[in-house]
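Listed here are the chains, written in short residue letters.
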Amino acid sequence: MVRKINKYVDILRIELNDLMNEINEHVETSHREHSDRVIKNFTYHGNLTIYEKQLEGIRQTIKLLEEMNFTDYKSINDLVDDLTERMKIYFTTRGILEGGYHLTLGRVEGVRDYVLRTERNTRYSA
């Protein structure tokens, strides 16, 4: 089980960094659209605020992963349940539950599903 959990955490880190890159691309697009006067100041600043909150939530999720002791978990689902609850508390107290939480949760659950699916199909899974 330790190998599965480590695989999950490694892939999740990659996915969360990828999500941050995607949000940063949106930030760059907003900068460009604002410069080209496609979007107004109000929209531009609103977008930047949302993106920064989302990025902060993802950074906090990565920090949570670094602080967790994975030997405490009997399964990937136990780890995901605990991580999800901790994430929700952080996102809720920061007022970014809707956008950032659901984006991050999608990656957390997607990686879980991927690892569990591929481990079932591996002949010698541990």
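The structure we're discussing is the one just above.
Described in the following lines is the structure provided in the data block.

Cut-offs used in this document
Residues numbered from 1 in each chain as written. Predicted model: local features only at pLDDT ≥ 70, side-chain atom pairs only at ≥ 80, totals over all residues. Heavy atoms only, no water. Helix = DSSP H or I, 4+ residues; strand = E, 2+ residues; numbered from the N terminus. Buried < 20%, exposed > 50% of the residue type's maximum accessible area, 1.4 Å probe, protein only. Contact = heavy atoms within 4.5 Å. Polar contact = N/O pair within 3.5 Å; in protein donor to acceptor, adjacent residues only side chain to side chain. Core = buried A, V, L, I, M, F, W, Y, C linked by side-chain atoms within 4.5 Å. Salt bridge = Lys/Arg side-chain N within 4 Å of Asp/Glu carboxyl O.

Turning next to the environment of E15. Counting through the fold element by element, E15 comes out in helix α1 (residues 2-35). Accessibility expressed as a relative area gives 26% for E15, which makes it partly exposed. C-alpha of E15 to C-alpha of T104: the two residues are 89 residues apart in sequence and 9.2 Å apart in space. Apart from the residues lying within four places of it in its own chain, the contact partners of E15 are R107 and V111. Within polar-contact distance, the side chain of E15 engages the side chain of R107 at 3.0 Å.

Y8, L12, L79, L83 and M87 are the most contacted members of the largest nonpolar core, which has 30 residues in total. Elements with a minimum of two residues in this core: α1, α2 (41-67), α3 (76-93) and α4 (97-120). Ranked by the residues each element gives to this core, the list is headed by α1, at nine residues. Excluding anything up to four places from it in sequence, L83 contacts Y8, L12, T61, L64, L65, M68 and V108.

Before going further, it helps to examine the pattern of salt bridges. In this structure the tally under the stated criterion is nine salt bridges. The residue R107 makes a salt bridge to D18 at a minimum N-O spacing of 3.2 Å. Here R107, found in helix α4, pairs with D18, found in helix α1; they are 89 residues apart in sequence, far enough to count as distant. D18 sits in the partly exposed class, given a relative accessible area of 32%. For R59, the salt bridge identified is with E52, shortest N-O distance 2.6 Å. Take R59: its relative accessible area is 33%, and that puts it in the partly exposed class. Under the relative-accessibility criterion, E52 is labelled partly exposed at 42%. Each of the salt bridges in this network shares a partner with another, and the network as a whole consists of E15, D18, E22 and R107.

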